[in-house]
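Descriptive analysis of the structure
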Amino acid sequence: MVRANGAVSLRELARVVQTSEVTVRRDVRALEAEGLLDRRHGGAVLPGGFTRESGFPQKSHLATAEKTAIADLAAGLVEEGEAIVVGAGTTTQELARRLARVPGLTVVTNSLLVAQALAHANRVEVVMTGGTLRGSNYALVGSGAEQSLHGLRVSKAFLSGNGLTAERGLSTSNMLSASVDRALVQAAAEVVVLADHTKLGTDTMFQTVPTELITRLVTDEPPAHDDRAATELQALADQGVQISVAGGTGTSAVDHPPARGDRRRDVPLPGPRRTQPPGANFRPAPLGGDQATGTERPTARVADLRRR
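Residues numbered from 1 in each chain as written. Predicted model: local features only at pLDDT ≥ 70, side-chain atom pairs only at ≥ 80, totals over all residues. Heavy atoms only, no water.

**Re the sheet that holds strand β2 (residues 38–40)**
Note: strands within a sheet are paired through backbone hydrogen bonds, in either parallel or antiparallel orientation. With antiparallel pairing, the 3 strands of this open sheet are ordered in space as β1-β3-β2. Edge positions in the open sheet fall to β1 (7–9) and β2, since each of these has one partner strand only. Strand-to-strand twist in this sheet, taken as the mean axis angle between neighbours without regard to direction, amounts to 25°. The pairing of β1 with strand β3 (residues 43–45) spans 3 bridges and is antiparallel. Each bridged residue has a counterpart across the sheet, and for Ala7 the counterpart in β3 is Val45. With respect to the sheet, helix α2 (residues 10–17) is in contact with β1 and β3, its orientation differing from that of β1 by roughly 80°. (Pairing = 2+ DSSP bridges. Helix = DSSP H or I, 4+ residues; strand = E, 2+ residues; numbered from the N terminus. Axes fitted to C-alpha atoms, helices over the stretch in contact; angles between N-to-C directions. Contact = heavy atoms within 4.5 Å.)

Okay, here's the thing in structure tokens:
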């Protein structure tokens, strides 16, 4: 499966072979000891995966259920009549399919897949960047793409990547893609990162969005035994990132508001960003709509994130 897809999540692997993730994790360790693959947080990749980037066919089959839940939740952050930018990636492609139902929306993108998903949306205007086509992920990159974004101002940027850590933020394996993503970030007042749990704790070559510029992370619920993911989420929240965790249906989330102080206000951005006082970390902060009832957790509670 790793040879065929370039990468695989433990959750997906356990589902396919019909065994527990504990068993899969033990087997992955053994395969790593033999030099057949490299372990990554929540999954495994071919050896040398730090610099290697899987193509679209491989990525599209990885963590599909998680990406769907993340896209469902992220779509609720977009309001009618907004102007946003959406970067390239399989998760952002899933988001675009849901944005087709938002009236009066303007979407600026460098992704042919995002544009295709919105091509038949009657009430959504799609603006493509210029640039050179990168065939592995169907994205426009290079100086043409970056120059077309100069002077652009939108409310939100939705980006994905190959890895996310509290120390470095969002990163990717390709230099050209990283450069365009940085230009997308500069055009937005808020930055929303879409990353499934397999990317948490993974670091790749080129930084795209430093942690201090990330407004919100939308991710999926990590496995119960995945202490590393929980630790990474806590570290991101401690640095002021709002964390929304999609539930099993993608319509609810464990929402962790930021605990940011004066540091975040010094970041130069083209628009205002909401801040929370120090010590606000992990208090429930619903994004809108009715709160759903559910079990109380030590760090957060379930909140309905349906779009207002």
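Having seen the model, we can carry on.
**Here we look at the nonpolar core**
Formed by 31 residues in total, the largest nonpolar core has its most connected members in Leu159, Leu164, Val193, Val209, Leu217, Leu236 and Ile243. Counting only elements with at least two residues in this core, the list comes to β9 (154–159), α9 (175–186), β12 (188–194), α10 (227–238) and β15 (242–246). Counting 25 residues, the second-largest nonpolar core is a separate cluster that includes Ala75, Val102, Leu105 and Val107. (Core = buried A, V, L, I, M, F, W, Y, C linked by side-chain atoms within 4.5 Å. Buried < 20%, exposed > 50% of the residue type's maximum accessible area, 1.4 Å probe, protein only.)

**Side note on the environment of Leu112**
Residue placement: Leu112 occurs in helix α7 (residues 112–118). Remark: the alpha-carbon pair of Leu112 and Met128, spanning 16 residues in sequence, is separated by 8.2 Å.

**A few points about the packing of α2 against helix α3 (residues 21–33)**
Interhelical geometry of α2 versus α3 gives an angle of 110° and a closest axis separation of 9 Å. If you check the angle between α2 and α3, you find them roughly perpendicular. For the pair α2 and α3, the contacting residues are Leu10, Arg11, Leu13, Ala14 and Val17 in the first and Glu21, Val24, Arg25 and Val28 in the second. Here the residues of the contact of α2 with α3 sort into 6 nonpolar, no polar and 3 charged. (Parallel < 35°, antiparallel > 145°, perpendicular 65-115°, else oblique. Nonpolar A, V, L, I, M, F, W, Y, C, P; charged D, E, K, R; others polar.)

**Description of helix α6 (residues 90–99)**
Count 3.6 residues to each turn of an α-helix, and residues three or four apart come out pointing the same way. With respect to burial, α6 is a largely interior element, 9 of its 10 residues being buried. Every buried residue belonging to α6 is among Thr90, Thr91, Thr92, Gln93, Glu94, Leu95, Ala96, Arg98 and Leu99, and all of these are buried.

**Considerations on unusual backbone geometry**
The residue Gln18 is not glycine, and still its phi comes out positive at about 55°. Along the chain, Gln18 turns up in the loop between α2 and α3. Although it is not a glycine, Tyr138 sits at a positive phi angle of roughly 55°. Within the secondary structure, Tyr138 is located in the loop between β7 (132–134) and β8 (139–141).

**Section: empty space enclosed by the protein**
Here the idea is plain: a probe the size of a water molecule rolls over the atoms and shows the empty space left. Considering all chains together, one arrives at 2 cavities of 30 Å³ or more under this definition. Considered as a void within the structure, the second largest cavity measures approximately 30 Å³ in volume. Lining the second largest cavity are Leu10, Arg11, Glu21, Arg25, Gly42, His197, Pro223 and Asp226. Contributions of two or more residues to the lining of the second largest cavity are made by α2 and α3. Among the residues making up the lining of the second largest cavity, the classes are represented as 2 nonpolar, 2 polar and 4 charged. (1 Å grid on protein atoms, 1.4 Å probe; cavity = no way out; pocket = protein on both sides within 12 Å on 5 of 7 lines; lining within 4 Å. Points joined across faces, edges and corners; volume = space filled by probe spheres on them.)

**Comments concerning the pattern of salt bridges**
All told, the structure shown has 7 salt bridges when counted by the stated rule. The salt bridge involving Glu94 is made with Arg97; its shortest N-O contact spans 2.4 Å. Here Glu94 and its partner Arg97 are both found in helix α6, 3 residues apart, which amounts to about one turn of the helix. Judged by its relative accessible area of 16%, Glu94 falls in the buried class. With relative accessibility at 41%, the residue Arg97 sits in the partly exposed group. The partner of Asp203 in a salt bridge is Arg168, with the nearest N and O atoms 2.6 Å apart. In this pair, Asp203 sits in the loop between β12 and β13 (206–209) while Arg168 sits in the loop between β10 (163–165) and β11 (169–172), placing the two residues 35 residues apart along the sequence. (Salt bridge = Lys/Arg side-chain N within 4 Å of Asp/Glu carboxyl O.)

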